[in-house]
Amino acid sequence: MLTRITIVGSGPGGYVAAIRAAQRGARVTVVEDAEVGGTCLNWGCIPTKTLIASTDALEMARHAADFGVELYGEVTYNLPKIRERRDKVVSTQIKGIRALFKSWGVDLIPGRGSLISEDVVRAVRKDGTTQDIRSDRIIIATGSRPAAIPGLPFDGNNILSSNDAVLMHEVPASILIVGAGVIGCEFAFLYRSLGSNVTVVEMLPRALASEDEDISSLIEKELKKAKIKLITGARIESMKGTAEGVTAVLSNGQEVQAAKALVSIGRALNTEGLRLEDAGLAAGKRGEVPVNDRMETIVPGIYAIGDVTGIMMLAHVASRQGIVAAENALGGSVRMDYTAVPAGIFTRPEIGSAGLREHQARERGMKISTGTFPYRALGKAHAMGEIAGIVKVIADAGTDRVLGVHICGAHAADLVHEGALAITMGATSKQLGAMIHAHPTLAEGIMEAAEAVHGNAIHLPREGK
Amino acid sequence: MNPDDIKYHREHAWVRVEGKNATIGITDMAQQQLGDIVYVDLPERDTETDADSELCEIESTKATSPVISPVSGRVLEVNEDLGDSPEIINEDPYGNGWIVVITMSDPSEVNDLMTRDEYEKFLKEEEER
């Protein structure tokens, strides 16, 4: 008898879980009330990176003369064409997931999923009709949505969510971005490239507060270079729509006026309407579905993965959790390990991080040594005209094992995987520094930063000289 | 040629005093060492600064380097032209490449700074060290 497994949600958690479960021989049904791919593919990772790729091309054209390339006429952009390209990229990926479902025999049922018991998922279609799916195993993968400031709902016109912003209906003359987290900072550089005057307001004392402090201070400087105004340590006291846009009053007394506001203060978890209690489950304080490291909820046979677990809001973490849940649901025994999760932030320049941040290590009372190396000391960075950036390696002061690698600079998100591998394999900073890195590449920066942990970077002047 | 109407700090900054105000920049030696300057992280007006502490940061194609304030005081004016054209410092370090004007809180600190001749002697010693 085939195991019947039903997955609620088809984002990067749900669709990956579906394919893995099918590979393991289960009868798989996915319930999805929007498009396959979830936030990542439809509203997040992919459309934003596609838009950013357009602004990368724009910036390159603007700086063509630096490379001895002459362009004649005005360098400008065509917003409808940028949107068209974004839609094409997204729809290609959607088709890809649908084709994979077909190939692996995964049933996709349109409708909003809810649990009506421990072993029945109900899909409610747009027209109100329902379908109940009897399931041996259930995986909850309903994700998250943009969170609004209490009392200040998104209106899609003046006060935008990241879902509204990614539609890019227009480029406002000015925009106030509330929240200097990943989404806020990515959109800040994006809008700036397209010509908006950007002001970013952050409640915490620094931008990208979840990153290493050295990365935050570098990106704060890059925001300044890009003429993006950053106000930290300030809350929005009030915000109201005006004929010209919005006016916000900050907790420090400052008033900010802008044509639009983008609120990117975090994400709310999608457990409302899921009827968790009917299956014997209860949401946590933030609306999350609590799970253990095998992705099991407290109800046997019911698993949860991705943003809705409230653990780490990253598409690739959701995918790994989906694989772990699918394996365990079908007789396997796999656990999640979050020690070396790499992550990319697509600011200008990019950020890639893996493992512990320096402040985290210190908060845990760990004794560490760090090494940093600037991009501007790399020949390749000069050749590319991308000299802003640093690589930072954090190692245990006793064992020398690499605990964290943090990069801000061109291609950082791609480069950081070497760091994640070093952390996963328990490599020491000496081993990382002794590994031959190809010249000329940006990856040499990782070797040099690893060497710098012991004061041995070749391309740095002697301390104090 | 280093001018003789200004005072020099051992961290390669200079000061031109007019009453209680001091115009600050980096020396020709400093700009040569840095190479092509690509960005000056200008301080905000009204920032308080102490003598011998970091006033702001300069980025060149070679390095990111702090500008050390030779005197204490409050930033009265910043050279906004450096925002779009930081290379002015390379071209004219003692003139249009000035960085800030500070209202000094303790003008006697100027007495601790070097004259041109003392600075040039200091550079020679540094080189031989």
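Note that the coordinates shown come from a computational prediction; the quantities given were computed from them, not determined experimentally. (Residues numbered from 1 in each chain as written. Chains lettered and ligands numbered in written order. Predicted model: local features only at pLDDT ≥ 70, side-chain atom pairs only at ≥ 80, totals over all residues.)

Draft legend 1. Inspection of the overall build of chain A at higher detail. Secondary structure assignment for chain A yields 13 helices and 23 strands. Taking 465 residues into account, the globule formula puts the C-alpha radius of gyration at 23 Å, and chain A, at 24 Å, falls close to it. When burial is assessed residue by residue, chain A has 48% of its 465 residues classed as buried. (Helix = DSSP H or I, 4+ residues; strand = E, 2+ residues; numbered from the N terminus. Rg over C-alpha atoms; globule rule 2.2 N^0.38 Å. Buried ≥ 20, exposed ≤ 12 C-beta atoms within 10 Å, placed from the backbone.)

Draft legend 2. The overall build of chain B, seen in detail. A tally of regular secondary structure across chain B gives four helices and nine strands. Along the chain direction, N to C, the helices and strands of chain B fall in the order β-β-β-α-β-β-β-β-β-α-α-β-α. Its C-alpha radius of gyration of 14 Å places chain B within 12% of the 14 Å reference for a compact globule of 129 residues. When burial is assessed residue by residue, chain B has 37% of its 129 residues classed as buried. Across chain B, every contact between residues at least 6 apart in sequence was considered, and the portion connecting residues at least 24 apart equals 63%. (Contact = placed C-beta atoms within 7 Å.)

Draft legend 3. Main features of the pairing of strand β7 (residues 64–68) of chain B. All names here are of chain B. Sheet analysis places strand β6 (residues 54–60) next to β7, joined by five bridges and oriented antiparallel. Paired with Glu 54 across the two strands is Ile 68, which belongs to β7. Here β6 folds back onto β7 in antiparallel fashion, the turn holding three residues. (Pairing = 2+ DSSP bridges.)

Draft legend 4. A look at the environment of Met 384 of chain A. Residue and element names in this part refer to chain A. Counting through the fold element by element, Met 384 comes out in helix α10 (residues 379–384). Given 15 C-beta atoms within a 10 Å radius, Met 384 is considered partly exposed. Along the backbone, Met 384 and Ala 427 are 43 residues apart, and their C-alpha atoms lie at a distance of 30 Å.

Draft legend 5. View of the sheet that holds strand β13 (residues 236–241) of chain A. All names here are of chain A. One open sheet accounts for three strands, arranged β13-β14-β15; its pairing is antiparallel. Sheet topology places β13 and β15 (255–258) at the edges, where each strand pairs with a single neighbour. Sheet twist, expressed as the average angle between the axes of neighbouring strands with direction ignored, equals 15°. One ladder, built from four bridges, connects strand β14 (residues 246–250) with β15; its direction is antiparallel. By the bridge assignment, Ala 248 is partnered in β15 with Val 256. (Axes fitted to C-alpha atoms, helices over the stretch in contact; angles between N-to-C directions.)

Draft legend 6. Summary view of helix α7 (residues 213–225) of chain A. All names here are of chain A. With 13 residues, α7 extends 18 Å between its outermost C-alpha atoms, agreeing within 8% with the 18 Å of an ideal straight helix rising 1.5 Å per residue. What α7 keeps buried is the set Ile 215, Ser 216, Leu 218, Ile 219, Glu 220, Glu 222 and Leu 223. Turning to α7, the residues buried within the fold contact α6 (182–193), β12 (229–231), β20 (351–355), β22 (390–396) and β23 (402–408). Trailing α7 by a residue or two, Lys 227 shows a phi angle of about 65°, which is positive. (Expected span 1.5 Å × (residues − 1).)

Draft legend 7. Geometry of unusual backbone geometry. With an omega dihedral of 0°, the bond running from Arg 348 of chain A to Pro 349 of chain A counts as a cis peptide bond. By the secondary structure assignment, Pro 349 of chain A is in the loop between β19 (342–345) and β20. For the bond running from His 439 of chain A to Pro 440 of chain A, omega is -5°, close enough to zero to count as cis. The residue Pro 440 of chain A is located in the loop between α12 (429–434) and α13 (444–452) in this model. Although it is not a glycine, Met 295 of chain A adopts a positive phi angle of roughly 65°. As for its placement among the helices and strands, Met 295 of chain A is situated in the loop between β17 (267–269) and β18 (302–304). The class of Met 295 of chain A is buried, set by 31 C-beta atoms lying within 10 Å. One non-glycine residue, Asp 46 of chain B, lies in positive phi territory at about 75°.

Draft legend 8. Quick peek at the interface of chain B and chain A. Each side of the interface is counted separately: chain B has six residues, and chain A has seven residues. Residues of the side of chain B that touches chain A, tallied by class, amount to two nonpolar, two polar and two charged. (Nonpolar A, V, L, I, M, F, W, Y, C, P; charged D, E, K, R; others polar.)

Draft legend 9. Local environment of the domain arrangement of chain A. Residues and elements named next belong to chain A. When its domains are assigned, chain A resolves into domain 1 (4–146 + 268–329), domain 2 (159–265) and domain 3 (342–452). Using C-alpha coordinates to define each centre, domain 2 is positioned 28 Å away from domain 3. Taken residue by residue, the interface counts 14 residues in domain 2 and 16 residues in domain 3. Mapped by element, the contributors of at least two residues to the side of domain 2 that touches domain 3 are α6 and α7. In terms of residue count, α7 provides more of the side of domain 2 that touches domain 3 than any other element does, six residues in total. Among the residues forming the side of domain 2 that touches domain 3, the class breakdown is eight nonpolar, no polar and six charged. (Domains from an automatic or database assignment.)

Draft legend 10. Structural context of the confidence of the model for chain B. Mean pLDDT over chain B: 94, with 100% of residues reaching 70 or higher. Here the predicted complex scores 0.93 on pTM and 0.78 on ipTM. (pLDDT = per-residue confidence, 0-100.)

Draft legend 11. Structural view of the packing of helix α3 (residues 45–62) of chain A against α6 of chain A. Residue and element names in this part refer to chain A. As a packed pair, α3 and α6 sit with axes 10 Å apart at the nearest point and diverge in direction by 45°. With respect to their mutual orientation, α3 and α6 come out oblique. Note on packing geometry: the crossing formed by α3 with α6 is left-handed. Residues Thr 48, Leu 51, Ile 52, Thr 55, Leu 58 and Glu 59 of α3 touch α6, and the partners they reach there are Glu 186, Leu 190 and Ser 193. (Parallel < 35°, antiparallel > 145°, perpendicular 65-115°, else oblique. Left-handed = near helix turned anticlockwise from the far one by under 90°.)

Draft legend 12. Quick peek at the nonpolar core. Residue and element names in this part refer to chain A. If you look at the biggest cluster of nonpolar residues, it comprises 83 residues, and the most contacted ones within it are Leu 176, Ala 188, Ala 261 and Val 393. The element best represented in this core is α6, accounting for eight residues. Non-local contacts of Leu 176, meaning those with residues more than four positions away in its chain, are made with Thr 199, Val 201, Val 246, Ala 248, Val 256, Ala 258 and Ala 261. Formed by 55 residues, the second largest nonpolar core is a distinct cluster that contains Val 31, Ile 97, Leu 314 and Ala 343. (Core = buried A, V, L, I, M, F, W, Y, C linked by C-beta atoms within 7 Å.)

Draft legend 13. Examining the sheet that holds strand β1 (residues 4–8) of chain A more closely. Residue and element names in this part refer to chain A. Overall, parallel pairing links the five strands, which are arranged β3-β2-β1-β7-β18 in an open sheet. Each edge of the open sheet carries a strand with a single partner, namely β3 (107–110) and β18. Shown here is a sheet whose adjacent strand axes are inclined to one another by a mean of 20°, direction ignored. Where β1 and strand β2 (residues 27–32) come together, five bridges link them in parallel fashion. Note that in β2 the partner of Ile 5 across the bridge is Val 28. Its contacts with the sheet place helix α8 (residues 315–329) against β1, β7 (137–140) and β18, and it is angled at close to 170° to β7.

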